[in-house]
Each structure stands twice: as structure tokens, then as C-alpha cells.
Amino acid sequence: MRSSYDPAEVELLLKDITGLVEPLPARVREEKIQSGTHYCEMLPLEYKPSPRYMEAYYRALDSYAQATADAVALLAERLYQRKGPKLVLVSLARAGIPIGILLRRYLLATHQVAVKHYAISIIRGRGIDRNAMDHILAHHAPDNLQFVDGWTGKGAILGQLREALADYPAVDASLGVLADPANLTALCGTHEDILIPSSCLNATVTGLLSRTFLRGDLIGPRDFHGAAYYGELAEEDLSQQFLERISACFAPSLQAGDATPTGPKGIQVVEAVAACYGIGDINLIKPGIGEATRVLLRRLPWKIIVNPAFDGGDALGHLRQLAAEKQIPWEPSPVPLGNYKVCGLIKTLSDL
């Protein structure tokens, strides 16, 4: 699988489907998704950032590079305490890949250990890539594996991971994330809904990779799940710049204390939002900065609701810009959002 990442920093267990699938615009994908087509059977048309949006991205990077680096350091220390130098990082493609690389860089700089790092696909409703799992387990002891991702939204991927790993009882089913606003795991850098700057962009901050793809006509029974490489975006690629910016902020002296989740679970917040707005399918509710960003980049949101305490901060600047560009209503949340700073709402096309 091609990417703009250094192969020494991540081994991508993905099948290259570049040029075999035509990316679709958001409206077409939304119609297909709501008609029953699974999202993994399509690729989204990559959002072309406006100059003002890129200004918002760079402001976010300047404002939140240190918070992101601190979350990397704290998570890395927690993982190293648990597994030691035999740790094997398995990031969930694609948003987890830069997180895995940053964790690896921190451990190399601080503990002088070059851990192995793989990236594999897991898809909500379809499960984990079993061929990729078999490949990893042919080379590593199962108890050394540690799955990592960027953040928790509602916790759907964590649930999917636990379900998938029921077939691999010797493998640790925990998921390490930089930000856990859903209050689901102690394996996190923070429970705050921090802005991880890589969530602001798509392929141009994740190695020029598409999101992962699974469809029977292109992915055979022995293939890894697929992804496309957007080489035409090479001049706009910020993947290495992002990694270098965060790596430069590492603070090895941070002490990883207790991170036991407290407060409301993310699903409780989502259910309250659903009840307030009469939304029957919680999959149409996308809480947290990372998920709300994805909604604005890839889906057709109905509105964005905001925790009033954070409405004027830089953390939501890129979201305000996107919402303004796409003419999506932006309003204070009528229900408490817990740790979440923002939430994206999708309604059925018949309601829009």
C-alpha cells in the first residue's frame, strides 16, 4: 500500500485500490447510505479546503499542538507501563495511523525502544480485517498487541473491536486513544474533548490515504481491506509537517497518573440529544470535535450544536468555518453535552 509515510514508522496492512473506485460527492453517498448501502463500499470525494479553512487549521495546530503532544506522551507512558518494550502498536486506519506514529516516536525518543507499528482496517458493522490480524499474529505474541486510535465518539469502534476480538481471546481488546470524551477507557491521554489537529483534514494529513474500503468485487477472501492513495494531492500533503510539529512538543517528564473515567458516559449524552431532537437512529448523532469534523467534511449535517462554554474558543474555529461555508445552522445545545464541546446532527434526507 502506497502512502506518504515512512515505511519504517508504520506497516500498512491494506490492499491498494487506487483508481478502481470513483469517489462520490456527499449528497450521492448520503442517499446511498440511507438507502442501505454500507459506507465502506464507497469512497468519499475529498473536501478541497478553502484558504480560510486552512487558516483555521493552522491556528488549530498552533493552539493545540502542545495539548496533543501531552496526550501522546501520557498515553504512550500508560501503554509502556502495561506492555514494556515488547509492545506492538496496531492503529486503526486511517485516523489512528498518525497517532500510532506519534506514539512510536515518543517511545523511541524517551525509552529508546523502536516498537513495531501496524495499521489495519476495522469497519463498523463489518468487523476487523481478519487477514491483517492473522498476519500480525504470525509474527507477534497476542498479548503484546495494543490497538490505538485518535479519539472516542460514541464508542462504536471500541464496541466493534471488542466484538471482533471475541474470536481472538488471547489478544488485548482494549483501545488506547488520545482523547476519550465518551468516558470509556483509562487508556487515554485525556478525557477532555481536545482538538487533535489531524482531525481537521482528510487524506492530506493521513499519508494521502483514503478511508478504508470493503466490497466483494474488489476485495477477495484473502485480501486485506482496501484503501486508495491520492497521489494527485502530493503538493498539498501535510502529513509529515503535522507529525514533526507535534513531535517537537513532546515533554518526556510527564507522569501518567490515574485516568479512570468519571462522569456521564458518551452514550448517555447521545441518548439525551436524540430524545431532545426526536432522532430515532443514534448513528445520526456524531459527538465530539473529531466526529463533528468528519460530519462536516463527509456527510450532510442538519445542524451543529455546541456546548456554550466553548463556543468562542479556537478549538471550534475550523468547525465554525466549515459550517459557514456549507450554510449549516450552528446553535447552543439545549441539553448538557458532558465532556463533548460540540455535536454534529444528521437527519434523514426526507427531513432535510
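Residues numbered from 1 in each chain as written. Predicted model: local features only at pLDDT ≥ 70, side-chain atom pairs only at ≥ 80, totals over all residues. Heavy atoms only, no water.

Focus on unusual backbone geometry
Here comes step 1: Note that the residue after Ala 93, namely Arg 94, is joined by a cis bond; omega there is 0°.
Here comes step 2: Mapping Arg 94 onto the fold places it in the loop between strand S3 (88-92) and helix H3 (96-111).
Here comes step 3: Non-glycine residue Gln 112 carries a positive phi angle of around 55°.
Here comes step 4: Structurally, Gln 112 can be placed in the loop between H3 and strand S4 (116-120). (Helix = DSSP H or I, 4+ residues; strand = E, 2+ residues; numbered from the N terminus.)

A look at the nonpolar core
General note: in soluble globular proteins, nonpolar side chains tend to be found buried as a group.
Here comes step 1: The biggest cluster of nonpolar side chains holds 66 residues, and the ones touching the most others in it are Tyr 57, Ile 97 and Leu 103.
Here comes step 2: Of all elements in the fold, only helix H2 (51-83), H3, strand S7 (145-151), strand S8 (175-179), helix H6 (239-247), helix H8 (289-298), strand S12 (303-306) and helix H9 (317-326) reach the threshold of two or more residues within this core.
Here comes step 3: Leu 103 has contacts with Val 72, Leu 75, Ala 76, Leu 79, Leu 89 and Val 148, leaving out every residue within four places of it along the chain.
Here comes step 4: By size, the runner-up hydrophobic cluster in this structure holds 23 residues, among which are Ala 132, Leu 145, Leu 161 and Tyr 168. (Core = buried A, V, L, I, M, F, W, Y, C linked by side-chain atoms within 4.5 Å. Buried < 20%, exposed > 50% of the residue type's maximum accessible area, 1.4 Å probe, protein only. Contact = heavy atoms within 4.5 Å.)

As for H2
Here comes step 1: Most pronounced at Tyr 64, the bend in H2 amounts to some 55°.
Here comes step 2: Immediately beyond the C-terminal end of H2, within one or two residues, lies Gly 84, with a positive phi of roughly 70°. (Bend = angle between axes of the 7 residues up to and from the residue.)

Digging into helix H7 (residues 266-277)
Here comes step 1: Here H7 is 12 residues long and its end C-alpha atoms lie 17 Å apart, about the 16 Å a rise of 1.5 Å per residue gives.
Here comes step 2: Every buried residue belonging to H7 is among Gly 266, Val 269, Val 270, Val 273, Ala 274 and Tyr 277, and all of these are buried. An end-on view of H7 places all buried positions within 135° of arc, on one side of the element.
Here comes step 3: Just beyond H7, the residue with positive phi is Gly 278, at close to 65°. (Expected span 1.5 Å × (residues − 1). Arc of directions from axis to C-beta.)

A look at the packing of H2 against H3
Here comes step 1: The contact between H2 and H3 brings their axes to 9 Å, and the two run at 70°. Comparing the axis directions of H2 and H3 gives the class roughly perpendicular. Along the contact surface, H2 presents Val 72, Ala 73, Leu 75, Ala 76, Glu 77, Leu 79 and Tyr 80, while H3 presents Leu 102, Leu 103, Tyr 106, Leu 107, Thr 110 and His 111.
Here comes step 2: Residue composition of the contact of H2 with H3, by class: 10 nonpolar, 2 polar and 1 charged. (Axes fitted to C-alpha atoms, helices over the stretch in contact; angles between N-to-C directions. Parallel < 35°, antiparallel > 145°, perpendicular 65-115°, else oblique. Nonpolar A, V, L, I, M, F, W, Y, C, P; charged D, E, K, R; others polar.)

Observations concerning the sheet that holds strand S1 (residues 11-12)
Here comes step 1: What the 6 strands build is an open sheet, ordered S1-S4-S3-S7-S8-S9; its pairing is parallel. The sheet is open, and its two borders are formed by S1 and strand S9 (188-190), each paired with just one other strand.
Here comes step 2: Against the sheet, helix H4 (residues 130-137) engages S1, S3, S4 and S7, with an angle of about 165° to S4. (Pairing = 2+ DSSP bridges.)

Here we look at empty space enclosed by the protein
Here comes step 1: The tally for this structure, following the rule as stated, stands at 3 cavities of 30 Å³ or more.
Here comes step 2: In this model, the largest cavity occupies a volume close to 680 Å³.
Here comes step 3: Secondary-structure elements contributing two or more residues to the lining of the largest cavity are helix H1 (26-34), strand S5 (122-123), S7, helix H5 (156-164) and H8.
Here comes step 4: Looking at the lining of the largest cavity element by element, the count peaks at 4 residues for H8.
Here comes step 5: For the lining of the largest cavity, the class distribution of residues is 13 nonpolar, 7 polar and 11 charged. (1 Å grid on protein atoms, 1.4 Å probe; cavity = no way out; pocket = protein on both sides within 12 Å on 5 of 7 lines; lining within 4 Å. Points joined across faces, edges and corners; volume = space filled by probe spheres on them.)

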